[in-house]
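Structural characterization, general
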Amino acid sequence: MSESDRITALEKKLENVSTELEMLKDVNAVRTLHFKYGYFMDKCLFGEIIDLFSEDCEIYFLGALFRGKAGARRLYGGASGLNGPADGMMFEHFLGQDIVDIDADRKTARGRFRCFMLGGVHESKSDAPPSIPDEFFEGGVYENTFVREDGVWKIKIFNYNVVWQARFKDGWAHTKPGTLMVTPYQETFPDNPRGPDEIITTTPKLWPQNYIVPFHYPHPVTNKPIG
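Residues numbered from 1 in each chain as written. Predicted model: local features only at pLDDT ≥ 70, side-chain atom pairs only at ≥ 80, totals over all residues. Heavy atoms only, no water.

A look at the overall build of the protein
Rule in force here: A run of H or I in DSSP counts as a helix once it spans at least four residues, and a run of E counts as a strand once it spans at least two, with each numbered from the N terminus. Each residue is placed in one exposure class: buried if its accessible area under a 1.4 Å probe, protein chains only, is under 20% of its type's maximum, exposed if it is over 50%, and partly exposed if it falls in between.
Within the protein, the regular secondary structure consists of three helices and seven strands. Counting from the amino terminus, helix and strand elements in the protein follow one another as α-α-β-β-α-β-β-β-β-β. With the C-alpha coordinates of the protein rotated into their principal frame, the extents come out at 80 × 35 × 35 Å. For the protein, the residues scored as buried account for 37% of the 227 residues in total.

Considerations on the pattern of salt bridges
So the rule is basically this: The salt bridge definition used is simple: a Lys or Arg side-chain nitrogen within 4 Å of an Asp or Glu carboxyl oxygen.
On inspection of all chains with the given rule, the structure shows 15 salt bridges. The residue Lys-25 makes a salt bridge to Glu-22 at a minimum N-O spacing of 3.5 Å. Placement of both Lys-25 and Glu-22 in helix H1 (residues 3-42) is noted, with a separation of three residues, approximately one turn of the helix. On the basis of relative accessibility, which here comes to 47%, the residue Lys-25 falls in the partly exposed class. Between Asp-197 and Arg-74 there is a salt bridge, with its nearest N and O atoms 2.9 Å apart. Within this pair, whereas Asp-197 is found in the loop between strand E6 (152-167) and strand E7 (198-199), its partner Arg-74 is found in helix H3 (residues 68-76), the two being separated by 123 residues in sequence. With relative accessibility at 30%, the residue Asp-197 sits in the partly exposed group.

Examining the sheet that holds strand E3 (residues 89-102)
Quick reminder of the rule: Note on pairing: two strands pair once DSSP finds at least 2 bridges between them.
Taken together, the seven strands give an open sheet; going across it, the order is E3-E4-E5-E6-E1-E2-E7, and neighbouring strands pair in mixed fashion. Bordering the open sheet on either side are E3 and E7, each of which pairs with just one other strand. In this structure, strand E5 (residues 135-149) lies alongside E6, joined through twelve bridges in antiparallel fashion. In the sheet register, Val-147 faces E6, and the bridge partner there is Lys-154.

Topic: the nonpolar core
So the rule is basically this: The nonpolar core is taken to be a set of buried Ala, Val, Leu, Ile, Met, Phe, Trp, Tyr and Cys residues, with the residues joined through side-chain atoms within 4.5 Å. We call two residues in contact when some of their heavy atoms are within 4.5 Å.
Membership of the largest hydrophobic core comes to 40 residues, with the highest contact counts inside it found for Tyr-37, Phe-53, Ile-59, Tyr-76, Tyr-142, Phe-146 and Phe-158. Leaving out residues up to four positions away in the same chain, Phe-53 has contacts with Ile-59, Lys-69, Ala-72, Tyr-76, Lys-154, Ile-155 and Phe-158.

Examining the packing of aromatic side chains
Put simply, the rule reads: Note on aromatic contacts: the rings of Phe and Tyr and the six-membered ring of Trp form a pair at centre separations within 6.5 Å, being stacked when their planes are under 30 degrees apart, edge-to-face when over 60 apart, and tilted otherwise. Think of it as a cone above the ring: NZ of Lys or CZ of Arg counts as a charge over the ring if it is within 6 Å of the ring centre and within 35 degrees of the ring normal.
Summed over the entire model, instances satisfying the criterion amount to 18 aromatic pairs. Summarising the aromatic geometry, the rings of Phe-215 and Tyr-217 are spaced 5.3 Å apart at their centres and angled 70 degrees between planes, so their arrangement reads as edge-to-face. A relative accessible area of 27% places Phe-215 in the partly exposed class. Of the residues examined, Tyr-217 reaches a relative accessible area of 18% and is grouped as buried. Ring pairs connect the aromatic residues Tyr-37, Phe-46, Phe-53, Tyr-76, Tyr-142, Phe-158 and Tyr-160, which therefore count as one cluster. Over the face of the ring belonging to Phe-189 we find Arg-74, whose NZ or CZ atom lies 4.2 Å from the ring centre. Between the NZ or CZ atom of Arg-112 and the centre of the ring of Phe-215, over which it lies, the distance is 3.8 Å.

What about H1?
As a reminder of what qualifies: By definition here, a helix of n residues has an expected span of 1.5 Å times n minus one.
Counted at 1.5 Å a residue, the expected span for H1 with its 40 residues is 58 Å, and the 59 Å between its end C-alpha atoms agrees. Check the buried side of H1 and you find it contacts helix H2 (46-50), H3, E3, strand E4 (108-121), E5 and E6. Cys-44 lies just past H1 and shows a positive phi near 55 degrees.

Let's talk about the pairing of E4
When you tally the buried positions in E4, you get ten out of 14 residues, the bulk of the element. With twelve bridges joining them, E3 and E4 adopt antiparallel strand pairing. Residue pairing in the sheet places Phe-91 in a bridge with Gly-119 of E4. The antiparallel pairing of E3 with E4 creates a hairpin that spans five residues between the two strands, and Arg-106 there sits at a positive phi of about 60 degrees.

Some thoughts on the pairing of E5
Burial analysis of E5 places 13 of its 15 residues in the buried class, the great majority of the element. As judged from the 13 bridges shared by E4 and E5, these two strands associate in the antiparallel manner. Residue pairing in the sheet places Phe-113 in a bridge with Tyr-142 of E5. Between E5 and E6, which pair antiparallel one after the other, the connecting turn spans two residues, and Asp-150 there sits at a positive phi close to 55 degrees.

Geometry only, nothing functional implied.
Below, the structure is given as structure tokens:
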């Protein structure tokens, strides 16, 4: 191999390493973005959460679809009566088991995360929203799409799937089939000023029924789609 060929090969190797490094930085930025969402949700920092979404975002939550920043503001803009930390209220999100894949153009990414939440209302809290149980567990799966907007990673498609819920005192073995602790949306915006743009009629099954939230990635060995 000539000196020129060796230099060309080295330059190509350095280019590949640089690309891999940038992709890894993107993976870390996306997973960190979603973890920060969880910390903001813990303390009901809704203004900070709204800023995490892209302008053309879609938010799928509790059988409903909220479109764009306007939809995000309706969902997170104090619909529960909360905005910021409140004594006697707990919403501890534990997010993990994250799998993040960056598209080749590094403009879009997809991420799957697991959520385990402990929530509830202290007995001293007399003015809590009536829809929030005093003590409950929740498990769910996110299948989100992220986009690089003005050089910053943001959430474009927020797709949270509640898999199971249970009251602490009863446990998941005694959960009534197909029930949610929070009442699903019944009316869309503008009939409901805080409502979604669309009600989704085909919602996933809830515990004790079981289903697979479709994976954004194929099987790593067979390359077949899952779910």
